[in-house]
Amino acid sequence: EDKVVQSPLSLVVHEGDTVTLNCSYEVTNFRSLLWYKQEKKAPTFLFMLTSSGIEKKSGRLSSILDKKELFSILNITATQTGDSAIYLCAPLGDNQGGKLIFGQGTELSVKP
Amino acid sequence: NAGVTQTPKFQVLKTGQSMTLQCAQDMNHNSMYWYRQDPGMGLRLIYYSASEGTTDKGEVPNGYNVSRLNKREFSLRLESAAPSQTSVYFCASSPWTASNQPQHFGDGTRLSIL
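Treat the numbers as computed from the prediction; the structure is a model and nothing was measured. (Residues numbered from 1 in each chain as written. Chains lettered and ligands numbered in written order. Predicted model: local features only at pLDDT ≥ 70, side-chain atom pairs only at ≥ 80, totals over all residues. Heavy atoms only, no water.)

> Mind showing me how you'd approach the interface of chain A and chain B here?
Often the size quoted for an interface is simply the accessible area lost on bringing the parts together. Listed per partner, the contact involves 19 residues of chain A and 20 residues of chain B. The junction of chain A with chain B conceals about 1,700 Å² of combined surface from both sides, 57% of it contributed by carbon and sulfur atoms. Summed over the shared surface of chain A and chain B, the number is zero salt bridges. On the surface where chain A and chain B come into contact, there are two residue pairs in polar contact (both at pLDDT 80 or more). For the side of chain A that touches chain B, the secondary structure elements donating two or more residues are β4 (30–38), β5 (43–49) and β9 (85–93) of chain A. Residues that form the side of chain A that touches chain B fall into these classes: ten nonpolar, six polar and three charged. (Contact = heavy atoms within 4.5 Å. Buried area = accessible area lost by both parts, 1.4 Å probe. Salt bridge = Lys/Arg side-chain N within 4 Å of Asp/Glu carboxyl O. Polar contact = N/O pair within 3.5 Å; in protein donor to acceptor, adjacent residues only side chain to side chain. Helix = DSSP H or I, 4+ residues; strand = E, 2+ residues; numbered from the N terminus. Nonpolar A, V, L, I, M, F, W, Y, C, P; charged D, E, K, R; others polar.)

If you want it as structure tokens, here you go:
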């Protein structure tokens, strides 16, 4: 059965800290892994990772995929209060018909 | 460009009432999805429509029905609402189900069943 586990489930840090969010997965015929950020409303897309070892960056956020060990990490450096959100990872497999399987999410709270 | 629009944003129902949640996208996407989000459980797929004219069950379809009215619109119906269906409902769309492009989400409908 396909599954996704994110850790930690919640995290409280202070502005300026660096955080690492983890996502491990088991998906049949893995195709890609997506990261989303969810504030009060809709999840918004951050990254799509398809290849192992290639870091994707967007400002202070970066993410990398390890297809051998079946995990991905999302790093946020120099955190700001605006980074407070739930971060969701979702792997996609070929035989899922495009259905994303979401992890429980990591709730990040950044204190001033 | 509105993206994915859901209505209503909030709704309170009594047990046994029926309700239809509406979703429309203006990105010319073929595939649309309905999820529910409960605390600590991430997003779970209820139903999806790979293309106009087709619908399929997701992980938690019981108690729901869907209609893909046309390419733009995908509605979710609760025939007889139950307290266990209290949740936040998200609609999403993507170009195709297996495309290497992300799903885009609406802002959600917060539904409470008393």
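> Just to check I follow, could you spell out the sheet that holds strand β3 (residues 19–26) of chain A for this structure?
Residue and element names in this part refer to chain A. Ordered in space as β1-β3-β8-β7-β6, the five strands form an open sheet in which the pairing is antiparallel. Two strands bound the open sheet, and with one partner strand each, they are β1 (3–7) and β6 (56–58). Each strand axis lies, on average, 15 degrees off the axis of its neighbour in the sheet, ignoring direction. Across six bridges, the pairing between β3 and strand β8 (residues 71–76) is antiparallel. Along β8, the bridge assignment pairs V19 with I76. (Pairing = 2+ DSSP bridges. Axes fitted to C-alpha atoms, helices over the stretch in contact; angles between N-to-C directions.)

> Help me understand the environment of Q104(A), please; the structure alone is not making it clear to me.
When you line up the elements, Q104(A) lands in the loop between β9 and β10 (106–111). Q104(A) gets classed as partly exposed once you look at its relative accessible area, which sits at 29%. Remark: the alpha-carbon pair of Q104(A) and P8(A), spanning 96 residues in sequence, is separated by 9.9 Å. Setting aside residues up to four positions removed in sequence, Q104(A) forms contacts with V4(A), V5(A), Q6(A), L9(A), L88(A), G40(B), M41(B) and G42(B). A distance of 3.2 Å separates a polar side-chain atom of Q104(A) from the backbone nitrogen of Q6(A). (Buried < 20%, exposed > 50% of the residue type's maximum accessible area, 1.4 Å probe, protein only.)

> I'm lost on the nonpolar core in this one. Help?
If you look at soluble globular proteins, the nonpolar side chains tend to sit buried side by side. Core analysis: the biggest nonpolar cluster contains 21 residues, and L33(A), W35(A), Y87(A) and L108(A) have the highest contact counts within it. Among the elements of the structure, β3, β4, β5, β7 (61–66), β8, β9 and β10 of chain A are those that each provide at least two residues to this core. Among the elements that take part in this core, β3(A) stands out by supplying four residues, more than any other. Excluding residues that lie within four positions of it along the chain, L33(A) makes contacts with C23(A), Y25(A), F47(A), M48(A), L49(A), L65(A), S72(A), C89(A), A90(A) and P91(A). Grouped together as the second largest cluster of nonpolar side chains are 19 residues, M19(B), Y64(B), L78(B) and A81(B) included. (Core = buried A, V, L, I, M, F, W, Y, C linked by side-chain atoms within 4.5 Å.)

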